[in-house]
Amino acid sequence: MSRVFSKFLSGAFLSQSRIKTSKWNKTTFRTDAVDLETTMEEAQPSSSSARSITKGKSSNDLNTGITLLNDDLLHNILPRLPALSFASASCVSKSWNSICTRIISRPKLSSALSLNPSLREAVKEVVDKVLSEPIRPHFAIVNIGCGFDANKILRLIKQKLGLNIPVIVTVNNGIIGRDALTDEFKEVKWGARFSGIGDDEYARHFNEGIVLTIGCLPGMKAEAIPLLRPVKTPQELCVDNFVMDIKEYTASVSGRQFPVGVILFGEASTDMKLVLEKLDYAMPKDTVIVGDERGCSVFRYGNDSRNAYSYRKGFIEAVALVFAQDRTRSSGIDFTAGNIRFHVAFSIGVSPVGGKYKAASVRTNSADYSTWLTAKREWHQEPLDGETILHDINTLLENHIEPPELYIGVTKNRKVSIGAEKPMPRTCIAYHGVVGGDEEYLYVDGMGIKTGDIFQFYHSDPNAALASLTEVRDALNNMKLERNSRSVKGDGEIENATNVFGGILFACYGRGHSFFGRPNADSSPFLEIFPGVPLAGIFCCGEMVRPCTTLIGQSPDAKPISCFLHVYSSVYLVMSYDPPSVEH
């Protein structure tokens, strides 16, 4: 990475007081003169001075002509430069720096996907693509298949993007994004030939691929915060510390205790239900939380001095990418009154089947992290074994062509607290996958079920998912209509309005082409409503979202119950920007 871009990432060129029109500046920029000349030709400048520059053949002629460019022309040219060339341009002069500062004062998300089986080539392809336009990254999320080495990817990305931004690398079951070379949008599921790629390509790229997402969020701070668990330490204590770490970081950079949003990646062995219950208890309702329950990850802090210390403190059970308002409102950038907002949309993928049951006896098996239980039908006294219960449910599903996946949704009434605080009552629904049943017990994944808990069976349902995707499309369209209605004042004058600048998608691995019978079903609502807006994502094993309530299988008059960890669903994180008002 060039020293110009490295300083640009650290903000060294965002203060005009540091800019000098020196021989070094001009020499540095001369290395990118070809980019500028090509860009000016694409911009089709109308002024005679600009035309004389594009016709100049020597670098001296180009540098002479640079000083004649007016601000309007520069505003047209500079945004077309690649990020490295743009970084060089920002140090040519104070006036150029001022224009560059205004250009990157708007938030931006950039992403790219590669299925190149070569790790280094794949990284190069996605990095080149996301840096093909001006951007100053504040964070990076890297999603890869298990065929790539996560630690090598982390080192390469840090070298390319700089050491002062948080980077999280996760190993996933599939990736979603736009191909860096072909610009084709793809939903790729590894281990499944129905993932939208041909047999030959599948054989070449099995479990190898990467999607890189970087974001520039002026007015916000981003940092990776790990959930660390020292040996022989109870998980609940570690989760309490994790929540406090998030609050303390947020307070340190924004003066507020609570972040705007959190993107959370858990590990397979971590009880993320407990983590989400604690976060929901501790955070206000407008704090958005999304993520993947089982995205094995490695990470680096944006504050590089913290990295070695954190790895000595314990095992990493989850990593949160925390977004908080910047106390300094993005120092050096005029961001007055502009505001970045996080929104969530959610598509279900299950439907209820049968009546409700009450857990009669409960045993846990910590060896395989499962629960064994018997249950009574609601309003009945006789306990039923697993074999009897499953026979009744399968009878109701006998018309299905293929046996669906089964889950139980357990309504849990618990008391939750952080540290020494007084426990407060909370109610939520938690899904547990059904493993099987015999003449003694019903076996389900996970723990945390208690005697007396009420539960209902749910099955994977593509028809319910398709209907829910229509609701997602409507919700996204309402955001677009809101933008259009706010973009025109009463007298017809156009004013700044909300702009959606990016999205991140978390879709269940069970969805995709085989589930819907067509490709890119989960991506289509966003791509149709916001064409050209970057979207990236992953296929998950447990989709996390907050705020979210559920009325699945309940009467319309029922009180919504919180549900943070879903199955067979897709979760959309949508980022929008309210620009400063016209007065500012």
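Figured I'd write up the structure that's included with this text.

Calculation rules
- Residues numbered from 1 in each chain as written.
- Predicted model: local features only at pLDDT ≥ 70, side-chain atom pairs only at ≥ 80, totals over all residues.
- Heavy atoms only, no water.
- Core = buried A, V, L, I, M, F, W, Y, C linked by side-chain atoms within 4.5 Å.
- Buried < 20%, exposed > 50% of the residue type's maximum accessible area, 1.4 Å probe, protein only.
- Contact = heavy atoms within 4.5 Å.
- 1 Å grid on protein atoms, 1.4 Å probe; cavity = no way out; pocket = protein on both sides within 12 Å on 5 of 7 lines; lining within 4 Å.
- Points joined across faces, edges and corners; volume = space filled by probe spheres on them.
- Helix = DSSP H or I, 4+ residues; strand = E, 2+ residues; numbered from the N terminus.
- Nonpolar A, V, L, I, M, F, W, Y, C, P; charged D, E, K, R; others polar.
- Pairing = 2+ DSSP bridges.
- Axes fitted to C-alpha atoms, helices over the stretch in contact; angles between N-to-C directions.
- Phe/Tyr/Trp six-rings, centres within 6.5 Å; stacked < 30°, edge-to-face > 60°.
- Expected span 1.5 Å × (residues − 1).
- Salt bridge = Lys/Arg side-chain N within 4 Å of Asp/Glu carboxyl O.

Membership of the largest hydrophobic core comes to 33 residues, with the highest contact counts inside it found for I263, F323, F342 and F506. Dropping the residues within four chain positions of it, F506 is found in contact with I263, F265, V290, G291, D292, I538, C540, E543, S569, S570 and V571. Counting residues in each nonpolar core, the second largest holds 32 residues, with I176, V350, C508 and L535 among its members.

Bringing empty space enclosed by the protein into the picture now. If you walk through the whole model with that rule in mind, you get two cavities of 30 Å³ or more. K273, L276, E277, C428, I429, A430, Y431, F564 and L565 are the residues that line the largest cavity. Of all the secondary-structure elements, those providing two or more residues to the lining of the largest cavity are helix 13 (272–282) and strand 17 (424–437). Looking at which element gives the most residues to the lining of the largest cavity, the answer is strand 17, with four residues. Residue composition of the lining of the largest cavity, grouped by class: seven nonpolar, no polar and two charged. In this structure, the second largest cavity is lined by I141, N143, T213, F265, I504, F506, A536, G537 and I538.

Let us look at the sheet that holds strand 3 (residues 167–171). Sheet architecture is open: five strands sit in the order 1-6-2-3-10, paired in mixed fashion. Edge strands, defined here as strands with exactly one partner in the open sheet, are strand 1 (108–114) and strand 10 (296–300). Averaged over all pairs of adjacent strands, the angle between strand axes in this sheet comes to 15°, irrespective of strand direction. Across the face of the sheet, helix 9 (residues 119–130) comes into contact with strand 1 and strand 6 (210–216) while running at roughly 150° to strand 1. Across the sheet, helix 10 (residues 150–161) lies against strand 2 (139–144), strand 3, strand 6 and strand 10, angled at about 150° from strand 3, the strand it touches most.

Turning to the sheet that holds strand 22 (residues 543–546), a few remarks are in order. Two modes of strand pairing occur in sheets, parallel and antiparallel, and in both the strands are linked by backbone hydrogen bonds. Strands sit in the order 7-11-8-9-22-25 across an open sheet of six strands; the sheet is mixed. Strands at the two margins of the open sheet, each flanked by one partner only, are strand 7 (220–229) and strand 25 (565–566). Pairing of strand 8 (residues 261–266) with strand 11 (residues 315–325) involves six bridges; the strand directions are antiparallel. Of the residues in strand 11, the one forming a bridge with I263 is L321. Contacts between helix 13 and the sheet are confined to strand 7, strand 8, strand 9 (288–292), strand 11, strand 22 and strand 25, with strand 8 contributing the most and set at about 165° to the helix.

Let us look at the packing of aromatic side chains. What the rule picks out here adds up to 15 aromatic pairs. The interplanar angle of 80° and the centroid separation of 5.2 Å between the aromatic rings of F139 and F323 together place this pair among those described as edge-to-face. With F139 in strand 2 and F323 in strand 11, this pair connects stretches of sequence that are 184 residues apart. Taking the relative accessible area as the measure of exposure, F139 reaches 0% and is therefore buried. Residues W372 and Y443 carry aromatic rings whose centres are separated by 5.5 Å and whose planes lie at 85° to one another, so their mutual orientation is edge-to-face. One end of the pair, W372, is in strand 14 (residues 370–377); the other, Y443, is in strand 18 (residues 442–445), with 71 residues separating them in the sequence. Counting every residue linked through ring pairs, the aromatic cluster contains Y407, F515, F516 and Y568.

With 20 residues, helix 12 (residues 235–254) extends 29 Å between its outermost C-alpha atoms, agreeing within 8% with the 28 Å of an ideal straight helix rising 1.5 Å per residue. Residues of helix 12 that are buried: Q235, C238, V239, D240, F242, V243, I246, K247, Y249, T250, V253 and S254. In the core, the buried residues of helix 12 are packed alongside strand 7, strand 8, helix 13 and strand 11. Downstream of helix 12 by a residue or two, G255 has a phi angle that is positive, lying close to 80°.

Opposite charge on two side chains permits pairing when their charged atoms draw close. Throughout the structure, instances matching the rule amount to 15 salt bridges. For R546, the salt bridge goes to D280, with nearest N and O atoms at 2.7 Å. Here D280 lies in helix 13 and R546 lies in strand 22, a separation of 266 residues in the sequence. Taken as a pair, R546 and D280 share a single burial class, namely buried. Between D453 and R414 there is a salt bridge, with the nearest N and O atoms lying 2.7 Å from each other. Of the two residues, D453 sits in the loop between strand 18 and strand 19 (454–460) while R414 sits in strand 16 (residues 406–416), which places them 39 residues apart along the sequence. In this structure R414 comes out as buried when scored by relative accessible area, which is 14%.

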